[in-house]
Amino acid sequence: MARATRKIEILHAASKIVSDRGIFNLTLEAVAIEAGVSKGGLLYHFPSKEALVKGMVDHLAANYRDKIAASVEESTEEHGKWISSYADVTFNNPYPNKEMHAGLLAAKAVNSDLLDPIRDLYNEWQAAIEDDGIDPIKATVIRLATDGIWLSELFDIHHLGEDKKKEIYLKLKNWINE
């Protein structure tokens, strides 16, 4: 248990560096300092910068996948439960440490092949969306709108504010059920 916790602490430290200081400041030395571990301790878990970034992406993908799967399983909806769960998780139940999303930015900068787990996940999700019992184009537009808000915040381009974001979420949820 301690090893898994230490790995997650290291991943959070790496994400914090990318989020606060930018991708070019993501070094193994900086992560070790931020995480409060020796460089050897860091290398035990992540033997290279690429392995660290891969760990960031894998951790985020697994967390997101698990949350959506749990939400789908709990849903009593007959149609649109997948896209509804996707919107619920993205709007209301994101990864608790928003900095963790910075791993995606790091992956794009370090080696875009490291985004393959997210690409695979999106391919799975798109298939689920298209087989969700509602118009697949409408479901895809809802996913893209949800992603657009998330990416706008991730890149710190524009934050809608909580009230407007909630209104958009409710509009999308209502549209699912129309």
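A few points on the structure. Please read these numbers as outputs of a predicted model, since none were measured by experiment.

Inspection of every chain in the model, using the stated rule, returns 10 salt bridges. Ionic pairing is found between E34 and R21, a salt bridge with its closest N-O pair at 3.0 Å. Of this pair, E34 sits in helix α2 (residues 28-35) while R21 sits in helix α1 (residues 2-21), and the two are 13 residues apart along the sequence. For E34, a relative accessible area of 32% puts it in the partly exposed group. Here K165 and E153 are joined by a salt bridge, their closest N and O atoms 3.1 Å apart. With K165 in helix α9 (residues 162-177) and E153 in helix α8 (residues 136-154), this pair connects stretches of sequence that are 12 residues apart. Judged on exposure class, the residue K165 and its partner E153 are both buried.

This brings us to the packing of helix α4 (residues 49-74) against helix α5 (residues 81-92). Describing two packed helices takes the angle between their axes plus the distance from one axis to the other. At a closest axis distance of 9 Å, the pairing of α4 and α5 adopts a crossing angle of 130 degrees. One way to sum up the angle between α4 and α5 is to call them oblique. As for the relative orientation of α4 and α5, their crossing is right-handed in sense. Across the interface between the two elements, Y64, K67, I68, S71 and V72 from α4 touch K81, W82, S85, Y86, D88, V89 and T90 from α5. When its residues are assigned to classes, the contact of α4 with α5 shows six nonpolar, three polar and three charged.

So, how was this worked out
- Residues numbered from 1 in each chain as written.
- Predicted model: local features only at pLDDT ≥ 70, side-chain atom pairs only at ≥ 80, totals over all residues.
- Heavy atoms only, no water.
- Salt bridge = Lys/Arg side-chain N within 4 Å of Asp/Glu carboxyl O.
- Helix = DSSP H or I, 4+ residues; strand = E, 2+ residues; numbered from the N terminus.
- Buried < 20%, exposed > 50% of the residue type's maximum accessible area, 1.4 Å probe, protein only.
- Axes fitted to C-alpha atoms, helices over the stretch in contact; angles between N-to-C directions.
- Parallel < 35°, antiparallel > 145°, perpendicular 65-115°, else oblique.
- Left-handed = near helix turned anticlockwise from the far one by under 90°.
- Contact = heavy atoms within 4.5 Å.
- Nonpolar A, V, L, I, M, F, W, Y, C, P; charged D, E, K, R; others polar.

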